[in-house]
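Geometric and topological summary
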Amino acid sequence: MTINEHDQIRQQVRAAYGAVARSESSGCCASSTGCCAPADQAVAELLSRGIGYSAEETAAGPEGANLGLGCGNPQAIAALQPGETVLDLGSGAGFDAFLAARQVGTDGAVIGVDMTPDMVSKARANAVKGGYTTVEFRLGEIEHLPVADAAIDAIISNCVINLSPDKAQVFRDAWRVLKPGGRLAISDIVTTAPLPESMQQEVALYTACVAGAASVDALTAMLAEAGFDDIRIAPKDASREFIRHWAPGRGVEDFIASATIEAVKPNLKENAG
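In this report, we go over the structure that sits alongside the text. Just so you know, the residues in each chain are numbered from 1, in the order the chain's sequence is written. Residues qualify for local features only when their pLDDT is at least 70, as the model is predicted, and side-chain atom pairs are given and counted only at 80 or more; totals for whole chains, interfaces and linings, by contrast, use all residues. As a convention, hydrogens and water are excluded, and side-chain values are obtained from all of the structure's heavy atoms.

1. Some thoughts on the overall build of the protein chain
Short version of the rule: Secondary structure is summarised from DSSP: a helix means a run of H or I of at least four residues, a strand means a run of E of at least two, and numbering begins at the N terminus for each. Only protein chains enter the calculation, and the probe is 1.4 Å; a residue is then buried if its accessible area is under 20% of its type maximum, exposed if over 50%, and partly exposed in between. Note on definitions: a residue-residue contact is assigned when non-hydrogen atoms from the two residues lie within 4.5 Å. Per-residue accessibility takes into account occlusion by the displayed protein chains alone, with areas from the Shrake-Rupley method and a 1.4 Å probe.
Check the secondary structure of the protein chain and you find 12 helices and eight strands. Buried positions account for 54% of the 273 residues belonging to the protein chain. Taking as baseline every contact in the protein chain between residues at least 6 positions apart, the subset at least 24 positions apart corresponds to 74%. When the accessible surface of the protein chain is totalled, it reaches about 11,400 Å², and 52% of it is carbon and sulfur.

Right, dumping it as structure tokens:
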């Protein structure tokens, strides 16, 4: 893809998720905006329970933070510790960032980065509403993070990297901002069979977290090239049940699945010792 094509995809994704932020809608599937919109907080909570969040977690954040846009629960694999600094890629309205803040405590910090201005504004308002003083949200692209080198202990993300037109650059910049020994804990969509060309070219399926997915082998190679070790990508076949609702009748669940993606930035000093 050319730089212009990358930007066109980002503009389409930004428009789709900006519409979600403005409409108070919940859930992600293929429609005219790329995301379906049952505008009911209860629907978002049901969607989140179905992908691995507990009832306590779905009830924890400020109202309006959980938009039901995820495909898994990165908190379940992140093993966040008190005092850590966490980065949430594609933080949306702030749901995962607020859950992370509860785990790292008052001595920790959470940074959310999102390229959609409406989402950043919504997340900041939610942080004020919920009294989350250790969480901040920054406007930026996940390929070019507005974060200092070696500043982050753990990176989380939920169904966002598949939307990037340059996933290799996402992982390179993630490696840059992680401290030595820092880790990735990501829930995302992967392909389990080659997507038909017609699906790959459909804008609504791209913004619905389908057409931009990459294979396990491709993601593993990108992570390794970026410098990560201990790479583990585990697709979840059970996820096809909720994925089929993203584009009803299209059979997308035959080609993609949710997966956990984990990797570690080597601690070269420890390795040298």
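2. Some details on the pattern of salt bridges
In plain terms, the rule: Basic side-chain nitrogens of Lys or Arg form a salt bridge, by our definition, when they fall within 4 Å of a carboxyl oxygen of Asp or Glu.
Tallied over the full model, the rule gives 14 salt bridges. The shortest N-O distance in the salt bridge between Asp7 and Arg10 comes to 3.0 Å. Taken together, the residues span about one helical turn, with Asp7 and Arg10 both in helix H1 (residues 3-23) at a distance of three residues. Of the residues examined, Asp7 reaches a relative accessible area of 30% and is grouped as partly exposed. Under the relative-accessibility criterion, Arg10 is labelled buried at 7%. One salt bridge in this structure joins Arg22 and Asp118, with 2.6 Å as the shortest N-O distance. Separated by 96 residues along the polypeptide, Arg22 in helix H1 and Asp118 in helix H6 (residues 117-130) bring together distant segments of the chain. Judged by its relative accessible area of 30%, Asp118 is partly exposed.

3. Some details on H6
Turn by turn, an α-helix covers 3.6 residues, leaving residues three or four places apart pointing in a common direction. Condition: The span expected for a helix works out to 1.5 Å for each residue beyond the first. Along the arc lie the directions from the helix axis toward the C-beta atoms.
With 14 residues, H6 should cover 20 Å at 1.5 Å per step; its first-to-last C-alpha distance of 20 Å lies within 8% of that length. Within H6 the residues assigned to the buried category are Met119, Val120, Lys122, Ala123, Asn126 and Ala127. With its buried residues spanning 160° around the axis, H6 presents them on a single face. Exposed side chains of H6 directed beyond 90 degrees from the buried face belong to Val128 and Lys129. Close packing links the buried residues of H6 with H1, helix H5 (95-104), strand E2 (109-114) and strand E3 (135-139). Downstream of H6 by one or two residues, Gly131 has phi in the positive range, about 70°.

4. Comments concerning the packing of aromatic side chains
Formally: In this analysis, rings of Phe, Tyr and Trp, with Trp reduced to its six-membered ring, are considered paired at centre separations within 6.5 Å, and the interplanar angle assigns stacked below 30 degrees, edge-to-face beyond 60, and tilted for intermediate values.
In total, this model carries four aromatic pairs according to the counting rule given. Taking 5.1 Å as the distance between ring centres and 55° as the angle between the ring planes, the aromatic pair formed by Tyr53 and Phe95 counts as tilted. Taken together, the residues span a long stretch of sequence, with Tyr53 in the loop between helix H2 (41-50) and helix H3 (55-58) and Phe95 in helix H5 at a distance of 42 residues. Each member of the pair, Tyr53 as well as Phe95, is classed as buried.

5. Here we look at the pairing of strand E5 (residues 178-191)
As a reminder, the rule being used: When DSSP finds at least two bridges between two strands, those strands are taken to pair. Here is how to tell: hold the view so the strands point away, follow the path from the first strand over the helix to the second, and if it runs clockwise the crossover is right-handed.
In terms of burial, E5 is largely enclosed, as 11 of its 14 residues are buried. Pairing analysis gives six bridges linking strand E4 (residues 152-158) to E5, with the strands arranged parallel. Residue pairing across strands places Ser157 opposite Ile186, the latter belonging to E5. Chirality of the crossover, the property in question, places the unit of E4, helix H7 (residues 167-177) and E5 among those that are right-handed. Sheet topology note: the E5/strand E8 (residues 256-264) ladder contains nine bridges and is antiparallel. In the strand pairing of E8, Thr191 is matched with Ile256. As paired elements, E5 and strand E6 (residues 214-215) share two bridges and run parallel to each other. Within the sheet, the bridge partner assigned to Val190 lies in E6 and is Ala214.

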